[in-house]
Amino acid sequence: MWIRDTLKIGSFGGQKNTNHNPDELMQTRDTEDTIQYNLVEEIFQKAIDLGGSDIHFEPNESNITIRIRVDGHFITTDRIALSQKSAIVARIKIMASLKIDEQRLPQDGKAIYKDTNGGEIDLRVSIMPNIYGEKVVIRILKKESSLLDLRSVGILPMNMIKIRKHLDNSNGLILVVGPTGSGKSTTLYSMLSTYNPEENNISTLEDPVEYRMAWVNHSQIHPAIGFDFADGLRSLLRQDPDIIMVGEIRDAQTAHLAVEASITGHLVFSTIHANSTVNTIQRLVNLGIDPLLLVSALKLVISQRLARKLCMHCRIPYEPEAAIREKIVSRVGKYMSNKEHFKIYKANPEGCEHCKHKGYKGRTGFFEILEITEGVEKLILAKASKTQIEIQAIGDGMIHIKDDALIKVILGEVSLEEVLQVLW
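Calculation notes
- Counting starts from 1 at the beginning of each chain's written sequence and moves along it residue by residue.
- At least 70 in pLDDT is required for a residue's local features to be given in this predicted model, at least 80 for side-chain atom pairs to be given and counted, and no such filter applies to totals for whole chains, interfaces and linings, which use all residues.
- The basis for the side-chain values is all heavy atoms of the structure; hydrogens and waters are excluded.
- Strand pairing is assigned whenever DSSP identifies at least 2 bridges connecting the two strands.
- What counts as a helix is a DSSP run of H or I of at least four residues, what counts as a strand is a run of E of at least two, and both are numbered from the N terminus.
- Between N-to-C directions, angles span 0 to 180 degrees; the directions come from axes that are lines fitted to C-alpha atoms, helices contributing only their stretch in contact.
- Note on contacts: a residue pair qualifies if any of its non-hydrogen atoms lie within 4.5 Å across the two residues.
- Type-normalised accessible area, obtained with a 1.4 Å probe on protein chains alone, sets the label of each residue: buried when under 20%, exposed when over 50%, and partly exposed for intermediate values.
- Nitrogen and oxygen atoms within 3.5 Å of one another constitute a polar contact, given that in protein one can donate a hydrogen and the other can accept it, and given that sequence-neighbouring residues count only through two side-chain atoms.

A. Structural detail: the sheet that holds strand 1 (residues 52–59). Pairing in this open sheet of 6 strands is antiparallel, and the strands run 3-2-1-6-5-4 from one edge to the other. The sheet is open, and its two edges are formed by strand 3 (73–80) and strand 4 (107–114), each paired on a single side. Each strand axis lies, on average, 20° off the axis of its neighbour in the sheet, ignoring direction. Here strand 2 (residues 64–70) runs beside strand 3; their pairing, made up of 7 bridges, is antiparallel. Of the residues in strand 3, the one forming a bridge with isoleucine 64 is isoleucine 80. The strands that helix 3 (residues 85–95) touches are strand 1, strand 2, strand 3, strand 4, strand 5 (120–130) and strand 6 (133–141); relative to strand 6, the one it contacts most, it runs at about 40°.

Set out below in structure tokens:
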């Protein structure tokens, strides 16, 4: 981690210029602009090199703290003198085509950054005024094809079979659920990437458009001008789509349109905020979806969380205590060949060069896949409780998300401490 308590180049902002030569004043101003430009570029490149997903510029009473979210956790990478605050924020506003003189209201924008390898990175910029100035949060939207692969997001083979079976459907509704930042968009695009867009009319409605795929029709919604998910979906259905991806079901109108579209010959993918797969069913019913229409439309619900992966080069093996071993075996013993003596792994606190001395490298998903089987259908129609539906789903082969996580502990992909932090 590299920390600069005060930025030496920040002295430009605190010195009085006693030289009134216009040419020299202009040269000094150009030098300051170059310094600010290089500083912002340096921060962006540092975030990309670390594999960061978000950059936070946080003003406080003594400095501007730069924090980068890497694998879901913050790393403080810099502290910059307050004298640089206005110039840095202005530089970011210019990049994102935002109003430089507006400092009282929140602003949102987009920008493109070219990294040192020549690739283009999409940036989503959010600026929020607070008592110390304007806080800037930048989301880094990666578009590498490696992110759009179902095999790379952590789906177990037995769950992959269920997903691929329903991806072959010509119609139906497939939902991905989980909290903000749980990787729902990546999973959606991973599923979309399995289709040939030249043989199918694939259209998306998003806020924002996070990835761009060739031959896919991406549409950005604009609620401020009355173009929301419901309006967009209604119009999109007149575009002869085969496959539709709706970024999020936020209201009853969008939910009804998505269900109707999936029943009338379209394959619809979307997300919805719910705590689990079975809670998703209750959420849709609460939005006014008739259970009879729900069982006709809904094919699959995927609930997920993200966790840090252990660095495979420096992880530390150990044998768990008897109580922990028994707990693991009681839940996922049927997936284990050796139930008596097995090792699990934890992060190396010193790390290594491969993980930049963090002990972790990358993230993986914990998944729960609910198929709408005949048994689950009957319980939905009977308005059964969430517990009854979950018991039925597990009996029909659903792997609980906690069991999915423990299997990954046995495989050495994640630590038990990470699982406890994310799910328990």
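B. Just the pairing of strand 12 (residues 298–310), in detail. Burial within strand 12 is extensive, with 10 of its 13 residues counted as buried. Pairing analysis gives 5 bridges linking strand 7 (residues 172–177) to strand 12, with the strands arranged parallel. Counterpart to leucine 173 in the pairing with strand 12 is leucine 298. Relative to strand 15 (residues 360–371), strand 12 runs antiparallel, the two being bridged by 10 bridges. Across the sheet, serine 303 pairs through a bridge with glutamate 368, a residue of strand 15.

C. Highlighting the side chain of glutamine 107. As for its placement among the helices and strands, glutamine 107 is situated in strand 4. From its side chain, glutamine 107 meets the backbone nitrogen of lysine 99 in a polar contact 2.9 Å long. The residues touching glutamine 107, leaving out its near neighbours within four places in the chain, are Lys93, Leu98, Lys99, Glu102, Val125, Ser126 and Ile127.

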